[in-house]
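Take a look at the letters that make up each chain.
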Amino acid sequence: MEADCLALVAEGWVRGGEPAAGVVAGRAARAISQQIENPWGWVNSAIHLTPALRDLGEYGEALAIAREGVETARAHDLTPLLAFALLE
């Protein structure tokens, strides 16, 4: 739940015009999801971290995280998240 909340906080920061704060929250969500081996959380954090990185001009990292999110969603059959991951 903490990772999911942090992912949403990341989205809020990005939509509020503070992508750097969004990256911090998104990376925290990603780290928690990796630590507890939660693919759903990993994809969810990728969905919200990618736009933050894009807004900061970190295109290479944004693309890498977006691709990992799509690959993870496909590997774990997370169809609802796959749709959102593909939109990023």
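Below you will find a few notes about this structure. Counting restarts for each chain, with residues numbered from 1 along the sequence as it is written. Local features are withheld for residues below a pLDDT of 70 in this predicted model, meaning they are given only at 70 or higher, and side-chain atom pairs are given and counted only at 80 or more; totals for whole chains, interfaces and linings count all residues. The basis for the side-chain values is all heavy atoms of the structure; hydrogens and waters are excluded.

Brief notes about the overall build of the chain
We count a stretch as a helix when DSSP gives it H or I for four or more residues in a row; a strand needs E for two or more, and each element gets its number in order from the N terminus. Scanning the chain for helices and strands turns up 5 helices and 0 strands. Helices and strands appear in the chain in the N-to-C order α-α-α-α-α. Only C-alpha atoms enter the radius of gyration; for comparison, a globular chain is expected to reach 2.2 Å times N to the power 0.38, where N is the number of residues. In terms of overall dimensions, the chain is globule-like: its C-alpha atoms have a radius of gyration of 11 Å, near the 12 Å expected for 88 residues. The rule is simple: take the accessible area with a 1.4 Å probe, protein chains only, and divide by the maximum for that residue type; under 20% is buried, over 50% is exposed, in between is partly exposed. Per-residue burial over the chain gives 41% buried out of 88 residues. In this description, contact between two residues means that some pair of their heavy atoms is separated by no more than 4.5 Å. By sequence separation, contacts in the chain at least 24 residues apart represent 58% of the contacts at least 6 residues apart. We get accessible surface area from the Shrake-Rupley algorithm with a probe of 1.4 Å; when it comes to residues, only the shown protein chains can shield them. Roughly 5,000 Å² of accessible area belongs to the chain as shown, and the carbon and sulfur atoms make up 58% of that amount.

Overview of unusual backbone geometry
Most of the time, phi is negative for any residue but glycine, and the peptide bond is trans. Phi at Glu 37 is positive, roughly 55°, even though this residue is not glycine. Within the fold, Glu 37 resides in the loop between α2 (19-35) and α3 (39-55). Positive phi values are uncommon outside glycine, yet Asp 77 reaches one of about 55°. On the accessibility criterion, Asp 77 (61% relative accessible area) is exposed.

Regarding the pattern of salt bridges
A pair is scored as a salt bridge if a Lys or Arg side-chain nitrogen falls within 4 Å of a carboxyl oxygen belonging to Asp or Glu. Under the counting rule described, the total for this entry stands at 3 salt bridges. Across the pair Arg 27 and Glu 61 runs a salt bridge whose closest N-O atoms are separated by 2.6 Å. Residue Arg 27 is found in helix α2, and its partner Glu 61 is found in helix α4 (residues 59-75); the two are separated by 34 residues along the sequence. Taking the relative accessible area as the measure of exposure, Arg 27 reaches 38% and is therefore partly exposed. Between Arg 30 and Glu 68 there is a salt bridge; the shortest N-O distance is 3.4 Å. Placement of Arg 30 in helix α2 and of Glu 68 in helix α4 is noted, with a sequence separation of 38 residues between them.

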